[in-house]
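The primary structure of each chain is shown beneath.
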Amino acid sequence: MPNFIINGIPVFGEPSSSILSAARAAGIHIPALCDHPVLEPIGACRICLVEIEGRPKLVAACVTPVEEGISVLTASQRVLETRKAIVELIISNHPNTCLTCTANGKCELPSLCSELGIRRPPYEAYNKDKYPLDDSNPFIVRDREKCILCGRCIRVCERYAGYSAVEFQGRSSNTIVDTAPDGTLEDSDCVFCGQCVQVCPVGALAERTAHGHDILWETNDVKTVCSYCGVGCELMIRVHPETGRILNIESDYESKTALNKGRTCVKGRFAWGFVHSEDRLKKPLVREGDVFREASWEEALSLIGEKISGIREKYGPDAIGFFSSARCTNEENYLMQKLARAVIGTNNIDHCAHL
Amino acid sequence: MTNDFESIRSSDVIFVIGSNTTEAHPVVGAMIKERVAAGAKLVVCDPRRIELAKYAEHYLRHRSGSDVALVNSIMHVIVEEKLYDADFIESRTEHFEELKELVRSYAPEKMESVTGIAPEIIRSVARLFASGPNSAIFYTMGITQHTTGTNNVRSLCNLALLCGMFGRAGVGVNPLRGQNNVQGSCDMGALADSLPGYMKVVNPDAAPKVKKMWNADLNPKPGMSVAPMMDAAGRGELRALYIMGENPMVTDANTQHVSHSLDELDFLVVQDIFLTETAQKADVVLPAACWAEKDGTFSNTCRAVQRIRKAVDAPGEAKADWEILRDAANALGADWRYETPSEIFDEIASFVPSYAGMSHERLENGPLQWPCPTPDHPGTPILHTGKFSRAGGRAQFLPVEWQAPHEWPDEEYPFIATTGRSLYHYHSGSMTRRSATGEFLDRLYIEVNPEDAGSLSLADGEMVRVTSRRGTVAGEARVTDRVPPGVVFLPFHFGEAAANNLTASVWDPTSETPPFKISAVKIEK
């Protein structure tokens, strides 16, 4: 295992590890933007530049492997000046709309500027309205003016979603992350799994539901399991602490308990609007002729008791059937078959497994 | 699934049949693609050219309804060329001679007229699958939703047994289950012939167990499953039905028949989160909490039991299904006092041996895969490692002959209609159509092959009408070679244009599953 030195402190690194991951393991902070815990490093943003003493060039810590005996400086004057210059270039080409940005609070640029002592963009490079907002689909809003070209979305799409919906397009200052030139996400391979939104470090990608809502710093997060197909993806429901309504659904790439390892599909991440749908059933209903009227629980349940008991008495327990639900919990399925067998006395119980 | 998701990382050959994985189980689709990118070989068998076919070493567009013929012809080659795992067959199986005898008459040259697949492709696939070293089978409803569904599954099990593809990472017979908790519903005994934990109702130990655990007398007669119950309702034999969280008016076969049957009932209770097409026919509708509004557990397709947790409050007076069921049982004379799902789970653990080592408390630390018989048992990611769970510990070959489907194209109904799931929707659409996904895809579309569209002068986006002996439905044509000539595909999520108007209420004799994948139809502009 290579021994080396970071900022004068002896450090051990796994032979295959990068300077960045060895430094983090040793509790030494190196800022980075394009880096993401579960994505292959690509050395795109250059924020993690460090100096190896005795070598002429600064190197990106995320893609430079550790070597026996090297001495790394993460915050030398040369490193800090270069790092600052890079971030200044990024924010000079970034719209100054933080107050209304949906990424406010999660954006990784403010703390980086703060750390490097940047108070305002030093240059006027930002070309307003160069790229129109793409809000042509109901899931993801793309604001390419805010893109910092870290390529996390490209990598998560390829590595985790299994698609290549977006790529770097164009050259030099005209480089953007896009589908086919001038295309929309809908015209691409995109399947709207939304994993790109989750890894975006700025506001270039956002859930459409994030627009038009207040910006929250504190949310109630509840870990649960998706209710759609049988894969059983672990999800995080983020809830507004005051209204009690769902804000969005995320996943955790580093979760030790997630069978999906952070992956999601469009339904798991985006198909939750029904929860707060106006036409949810809110009271028991009892039929009167061709129409329903609202009833109390007491009335509805005693009607069930009376009618089903009557049918049981007249025709026997096997004249009654139960459809349980693969959408409901184990506890609920257990109770329904117990209701059929132990209370009514019939085995007429099934669910959609036979469909 | 016999195996877990982690197992996919050890597969060398992945054999996907009757599963549009990237649309119906997208996250597993991504896992399969990841493994193929790392070098595993993929075989895809599906009449529809699904997305996974793009990544396949061999894509077999076999004819709808020819699955047993296809798999038997693969096994014919494996037997003929002696590519099978003789040690595994010798030490862990029974009735190999019967299989050998049966597949003898399934030479791929002979089966080509049934399957539509060239013999040399069958031979290559047979060699690839048998050579593994680790070959895994994945299937879904394209296998089960036929009148021969059980035989389709048996033939896949035969194939895996023949090549010794059980009991270790990278192999297995892996049905991807369609619903979040369909595995759990079965485990919990929401089945007409089984108690929780799969003890058959007719097992002599069943009645004493029910007496002891529930202090009740078990009805010795197995009940009816969904489709026969619907039939019995139509005949007036079933008088009352209590439906929780299902919408058969959209998702069951033959919508007209379902509608008639529900109308015939004396009393219908529907417990749901919306006034679905089915709830509209009810006498009493009970408002339920949805998944985000309650605690409990789901069991996924690889037998992993996981906690779900309440995140938001249910609207109005809606209650969790377990609370409603408790109250309904009490209204029917019981004295149930369950106060928490955790307490109900403890009762499950005492009833079901494979859940005996689990509790909500333990599941806080993460999923556990059954069997998990004791509190210190780590769970079972892979089944059948040492022996099979039959008396004697050996698996049995169950050789099956190919049978033609219940209905085949003829002069009047010259096309096959096949139904399935779209990536953007889920079943009757009551949830997804009220979410962002509903905005994205808001109406029925019907996939039609360009050749067929040409002969009808049908353009992409024009309305097309599909009619079977049961009923008719119209939707926008999507002209695409995803479907082969002679086949149309309809997603079944749209109640106002329900694909199940077309399907037949007949079923597989063992599983009692209707044939959603095959209906003879005609198509008109």
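Preceding this paragraph is the structure being described.
First, a word on scope: everything that follows refers to the structure included in this document. (Residues numbered from 1 in each chain as written. Chains lettered and ligands numbered in written order. Predicted model: local features only at pLDDT ≥ 70, side-chain atom pairs only at ≥ 80, totals over all residues. Heavy atoms only, no water.)

A closer look at the overall build of chain A
Next, step 1: A tally of regular secondary structure across chain A gives eight helices and 16 strands.
Next, step 2: Rg of the C-alpha trace for chain A: 28 Å, well past the compact-globule value of 20 Å for 355 residues, more than 25% over.
Next, step 3: Considering only residue pairs separated by 6 or more positions, chain A has 57% of its internal contacts joining residues 24 or more positions apart.
Next, step 4: Counting every atom, chain A has about 15700 Å² of accessible surface; 51% of that belongs to carbon and sulfur.
Next, step 5: A distance of 1 Å separates the average location of the 39 positive side-chain charges in chain A from that of its 46 negative side-chain charges. (Helix = DSSP H or I, 4+ residues; strand = E, 2+ residues; numbered from the N terminus. Rg over C-alpha atoms; globule rule 2.2 N^0.38 Å. Contact = heavy atoms within 4.5 Å. Areas by Shrake-Rupley, 256 points an atom, 1.4 Å probe, with all protein chains shown as cover. Lys, Arg positive; Asp, Glu negative; His and termini not counted. Charge placed at Lys NZ, Arg CZ, Asp CG, Glu CD.)

Regarding the overall build of chain B
Next, step 1: Counting its secondary structure elements, chain B contains 19 helices and 19 strands.
Next, step 2: For chain B, the spread of C-alpha atoms along the principal axes amounts to about 65 × 60 × 40 Å.
Next, step 3: Burial statistics for chain B: of 525 residues in total, 65% are counted as buried.
Next, step 4: Sequence-distant contacts, at least 24 apart, represent 68% of the contacts inside chain B between residues at least 6 apart.
Next, step 5: Side-chain charges of chain B comprise 51 positive and 68 negative groups, with the mean position of each set lying 3 Å from the other. (Buried < 20%, exposed > 50% of the residue type's maximum accessible area, 1.4 Å probe, protein only.)

A short note on the interface of chain B and chain A
Next, step 1: With 150 residues of chain B at the contact, the number on the chain A side is 105 residues.
Next, step 2: When chain B packs against chain A, close to 10900 Å² is buried across both sides, 65% of that on carbon and sulfur atoms.
Next, step 3: At the surface where chain B touches chain A, the tally comes to ten salt bridges.
Next, step 4: Across the pair K221 of chain B and D318 of chain A runs a salt bridge whose closest N-O atoms are separated by 3.5 Å.
Next, step 5: Seen at the junction of chain B and chain A, the total is 70 residue pairs in polar contact (both at pLDDT 80 or more).
Next, step 6: Taken together, the residues that form the side of chain B that touches chain A break down as 83 nonpolar, 35 polar and 32 charged.
Next, step 7: Alignment of strand β13 (residues 285-288) of chain A against strand β9 (residues 284-287) of chain B, held across two bridges, turns out to be antiparallel. The partner of V286 of chain A across the bridge, within β9 of chain B, is V284 of chain B. (Buried area = accessible area lost by both parts, 1.4 Å probe. Salt bridge = Lys/Arg side-chain N within 4 Å of Asp/Glu carboxyl O. Polar contact = N/O pair within 3.5 Å; in protein donor to acceptor, adjacent residues only side chain to side chain. Nonpolar A, V, L, I, M, F, W, Y, C, P; charged D, E, K, R; others polar. Pairing = 2+ DSSP bridges.)

Remarks on the packing of helix α3 (residues 67-80) of chain B against helix α9 (residues 149-162) of chain B
All names here are of chain B.
Next, step 1: At a minimum axis distance of 9 Å, the contact between α3 and α9 shows a crossing angle of 20°. Relative to α9, α3 is oriented roughly parallel. Crossing of α3 over α9 shows left-handed handedness. For the pair formed by α3 and α9, the contact residues are D67, V68, V71, N72, I74, M75, I78 and V79 on the first element and N151, N152, S155, L156, N158, L159 and L162 on the second.
Next, step 2: Along the lines of polarity and charge, the residues of the contact of α3 with α9 split into nine nonpolar, five polar and one charged. (Axes fitted to C-alpha atoms, helices over the stretch in contact; angles between N-to-C directions. Parallel < 35°, antiparallel > 145°, perpendicular 65-115°, else oblique. Left-handed = near helix turned anticlockwise from the far one by under 90°.)

Details of the sheet that holds strand β5 (residues 71-73) of chain A
All names here are of chain A.
Next, step 1: Here five strands make up an open sheet; going across it, the order is β2-β1-β5-β3-β4 and the pairing mixed. Lying at the two open borders of the sheet, with one neighbouring strand each, are β2 (9-12) and β4 (59-60).
Next, step 2: Pairing between strand β1 (residues 3-6) and β5: two bridges, direction parallel. From the neighbouring strand, I6 faces β5, where its bridge partner is V72.
Next, step 3: The strands touched by helix α2 (residues 77-92) are β3 (49-52) and β5; relative to β3, the strand with the most contacts, the crossing angle is about 160°.

What about empty space enclosed by the protein?
Residue and element names in this part refer to chain A.
Next, step 1: Within the structure shown, the criterion is met by six cavities of 30 Å³ or more.
Next, step 2: Counted as a void, the largest cavity has a volume near 340 Å³.
Next, step 3: What lines the largest cavity is a set of 31 residues, among which C153, V166, V177, C196 and L205 lie closest to the centre.
Next, step 4: Elements represented by at least two residues in the lining of the largest cavity include exactly β6 (140-142), α4 (152-161) and α5 (195-199).
Next, step 5: The greatest single-element share of the lining of the largest cavity, amounting to five residues, is contributed by α4.
Next, step 6: Here the lining of the largest cavity is built from residues that sort into 24 nonpolar, three polar and four charged. (1 Å grid on protein atoms, 1.4 Å probe; cavity = no way out; pocket = protein on both sides within 12 Å on 5 of 7 lines; lining within 4 Å. Points joined across faces, edges and corners; volume = space filled by probe spheres on them.)

Considerations on the side chain of Q306 of chain B
Next, step 1: By the secondary structure assignment, Q306 of chain B is in strand β11 (residues 304-308).
Next, step 2: At 2.8 Å, the side chain of Q306 of chain B and the backbone oxygen of G232 of chain A are in polar contact.
Next, step 3: Not counting residues up to four positions away in its chain, the partners in contact with Q306 of chain B are V225, G232, T257 and L259 of chain A together with G296, T297, F298, N300 and P367 of chain B.

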